[in-house]
Amino acid sequence: MTRALFDPITIRGLEVRNRIWIPPMCQYAVDAQDGIPTDWHLMHLGSLARGGAGAVIVEATGVVPEGRISPQDLGLWNDTQRDAFQRVTDLIHSQGAKAGIQLAHAGRKASTGREWGPRTDGNVPAEHGGWQPVGPSPIAFSGLAVPTELTTDGIREVVDAFAAAARRAVDAGFDILEIHGAHGYLLHEFLSPLSNQRADEYGGSLENRSRVLLETVDAVRAEVGQDVPLVVRLSATDWVEGGWDLPQTERLTAWLGEHGTDLISVSTGGNVADARIPVGPGYQLPFATSIKQTTGLPVAAVGMIDNPFQAEQIVALGQADVVLVGRESLRDPNFPIRAAEALRYDLPYKPAQYERAYR
Ligand SMILES: Cc1cc2nc3c(=O)[nH]c(=O)nc-3n(C[C@H](O)[C@H](O)[C@H](O)COP(=O)(O)O)c2cc1C
């Protein structure tokens, strides 16, 4: 029996074996604070690839040191990091999956602690590896430091850093690049009028607030050429009146398509601490479907998609082209194999070593 979920998808010439992809998920596992992937990343990402995912997107990876969320984040601002990532992409490829990476700058939400350990709120102090964050405007995210406003030269440096990191990612063997434009991090901060109150060409109108993201896409595309699939992750809404919203997301998505973006990963929220979000199964799916319908660009849906039948239905009905399974794949890295079993689909890449478990 065929299943939409297990149909390959081709994006800019890259064939991915199915529609279940792993979204970026920070591991805060770089204890050395040097941005270099560790054995943890190898094991974690390798097991997700082995579990049958079509593509595994590596967590938010800082394009500059001050663009990391925490001091324990991955980075791609130097060639030592690039060379270390080759092991990651080789391992993912050895399991038949495609390797993606989310390139990120955390902006005003940078220099925060990992979710466990001695401190979990506020900024990380300098003696523990923290730094002064930057942002579009000197407006703090609740509970965090007031960011230093980026100058236009500072913006140019960020855009260049995305392009340089993209080059390193491709050289390290990544098949898919994702630009993090969501969750209240730097590029989303520029998009939202709640965090961007600049008076220059990067603030004010939707065109101006979108400028830095579009410049980033252009710079990345110019650096890596026309063959590399490019994903942009957006928060489709701030979930707050007067903030970033779906109509703006749809206009931006049309521009992103014109600038060479291949797929939008549709998330929400992250820019406002006390936003009221109606969390529930597939709660972000309607945003993805609307963006797909209004712009024609392929979309990935994410957010509490953790049931094989729900996932199959989303793809079969054309509500999204790809489903991203996050926390459920942490609970069970073999979710795609299990989904195939549930849907009575004979998965050709189920590991032979595990065959007896499914008899
Ligand atoms: C541990 C963890 C780390 C995450 N890190 C990132 C990240 O690095 N970049 C990102 O865009 N989203 C991140 N997210 C959000 C996920 O990619 C995903 O959008 C979210 O978990 C909702 O999907 P789910 O309900 O399938 O988990 C993270 C989520 C979790 C649980």
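Residues numbered from 1 in each chain as written. Predicted model: local features only at pLDDT ≥ 70, side-chain atom pairs only at ≥ 80, totals over all residues. Heavy atoms only, no water.

As annotated in an unreviewed UniProt entry, the chain is NADH:flavin oxidoreductase/NADH oxidase from Promicromonospora umidemergens. In its Cofactor (unreviewed entry) section, the UniProt record describing the chain reads: "FMN". (UniProt positions renumbered as here; feature names shortened; annotations may be inferred.)

### Details of the overall build of the chain
Across its full length, the chain holds 10 helices and 13 strands. Rg of the C-alpha trace for the chain: 19 Å, near the compact-globule value of 21 Å for 359 residues, within the 12% margin. C-alpha atoms of the chain, sized along the principal axes, occupy 60 × 45 × 40 Å. Across the 359 residues that make up the chain, the buried fraction comes to 60%. Contacts spanning at least 24 positions in sequence make up 70% of the contacts within the chain whose residues lie at least 6 apart. Considering the chain, the positive charge centre built from 31 side chains and the negative charge centre built from 44 side chains are found 6 Å apart. (Helix = DSSP H or I, 4+ residues; strand = E, 2+ residues; numbered from the N terminus. Rg over C-alpha atoms; globule rule 2.2 N^0.38 Å. Buried < 20%, exposed > 50% of the residue type's maximum accessible area, 1.4 Å probe, protein only. Contact = heavy atoms within 4.5 Å. Lys, Arg positive; Asp, Glu negative; His and termini not counted. Charge placed at Lys NZ, Arg CZ, Asp CG, Glu CD.)

### A short note on the packing of aromatic side chains
For the coordinates displayed, the defined rule picks out 5 aromatic pairs. Ring centres of Tyr28 and Trp116 lie 5.9 Å apart, and the angle between their planes is 80°; on these two criteria the pair is classed as edge-to-face. Remark: Trp116 occurs in the loop between strand S6 (98-104) and strand S7 (134-135) and Tyr28 occurs in the loop between strand S3 (20-22) and helix H1 (39-50); sequence separation between them is 88 residues. By relative accessible area, which is 11% here, Tyr28 ends up buried. Under the relative-accessibility criterion, Trp116 is labelled partly exposed at 45%. Aromatic side chains Phe85 and Phe174 sit 5.7 Å apart centroid to centroid with 65° between the ring planes, which places their arrangement in the edge-to-face category. Here Phe174 lies in the loop between helix H3 (152-171) and strand S9 (176-181) and Phe85 lies in helix H2 (residues 79-94), a separation of 89 residues in the sequence. (Phe/Tyr/Trp six-rings, centres within 6.5 Å; stacked < 30°, edge-to-face > 60°.)

### Section: the environment of Val56
Relative to the helices and strands, Val56 is located in strand S4 (residues 55-62). Separated by 37 residues in sequence, Val56 and His93 have C-alpha atoms that sit 9.8 Å apart.

### Quick word on the pairing of S4
Side-chain positions along a regular strand alternate between the two faces of the sheet. Counting buried positions over the 8 residues of S4 gives 8, a clear majority of the element. Sheet analysis places S3 next to S4, joined by 2 bridges and oriented parallel. Opposite Trp21, over in S4, you have Ala55 as the bridge partner. Direction of pairing for S4 relative to S6: parallel, over a ladder of 7 bridges. Paired with Val56 across the two strands is Ala99, which belongs to S6. (Pairing = 2+ DSSP bridges.)

### Section: the packing of H1 against H2
Where H1 contacts H2, the two axes come as close as 9 Å, and the packing angle between them is 20°. As the angle between them shows, H1 and H2 are arranged roughly parallel. When the axes of H1 and H2 are compared, the crossing they make is right-handed. Between H1 and H2, the contacting residues are Asp39, Leu42, Leu45, Gly46 and Ala49 on the first element and Arg87, Val88, Leu91 and Ile92 on the second. (Axes fitted to C-alpha atoms, helices over the stretch in contact; angles between N-to-C directions. Parallel < 35°, antiparallel > 145°, perpendicular 65-115°, else oblique. Left-handed = near helix turned anticlockwise from the far one by under 90°.)

### What about the site of the ligand?
In the vicinity of the ligand lie 15 residues, with Cys26, Gln102, Arg233, Met304 and Arg327 positioned nearest. Contact between the ligand and Gln102: a nitrogen atom at 2.8 Å from a side-chain N or O atom of the residue. At 2.7 Å from an oxygen atom of the ligand is found a main-chain nitrogen or oxygen belonging to Met304. Notes on the ligand: free accessible area 610 Å², of which the protein chains cover 83%. Comparing atom positions with the cavity grids shows the ligand to sit within the largest pocket. (Near = heavy atom within 4 Å. Polar contact = N/O pair within 3.5 Å; in protein donor to acceptor, adjacent residues only side chain to side chain. Areas by Shrake-Rupley, 256 points an atom, 1.4 Å probe, with all protein chains shown as cover. 1 Å grid on protein atoms, 1.4 Å probe; cavity = no way out; pocket = protein on both sides within 12 Å on 5 of 7 lines; lining within 4 Å. Sits in = over half its atoms within 2 Å of the grid points.)

### Points about the environment of Val240
Summarising the element assignment, Val240 is placed in the loop between strand S10 (230-235) and helix H6 (246-258). What makes Val240 partly exposed here is its relative accessible area of 29%. Along the chain, Val240 and Arg276 lie 36 residues apart, while their C-alpha atoms are 7.8 Å from each other.

### Some thoughts on the side chain of Thr216
Mapped onto the elements of the fold, Thr216 is located in helix H5 (residues 206-224). Residues in contact with Thr216, not counting those within four places in the same chain, are Val159, Phe162, Ile179 and Leu187.

### Focus: empty space enclosed by the protein
Following the criterion strictly, the structure yields 1 cavity of 30 Å³ or more and no others. Roughly 30 Å³ of volume is contained in the largest cavity. Together, Trp21, Ile57, Glu178, Val231, Leu263, Ser265, Ala300, Val322 and Leu324 line the largest cavity. Elements represented by at least two residues in the lining of the largest cavity include exactly strand S11 (263-267) and strand S13 (322-324). Tallied by class, the residues present in the lining of the largest cavity amount to 7 nonpolar, 1 polar and 1 charged. (Points joined across faces, edges and corners; volume = space filled by probe spheres on them. Nonpolar A, V, L, I, M, F, W, Y, C, P; charged D, E, K, R; others polar.)

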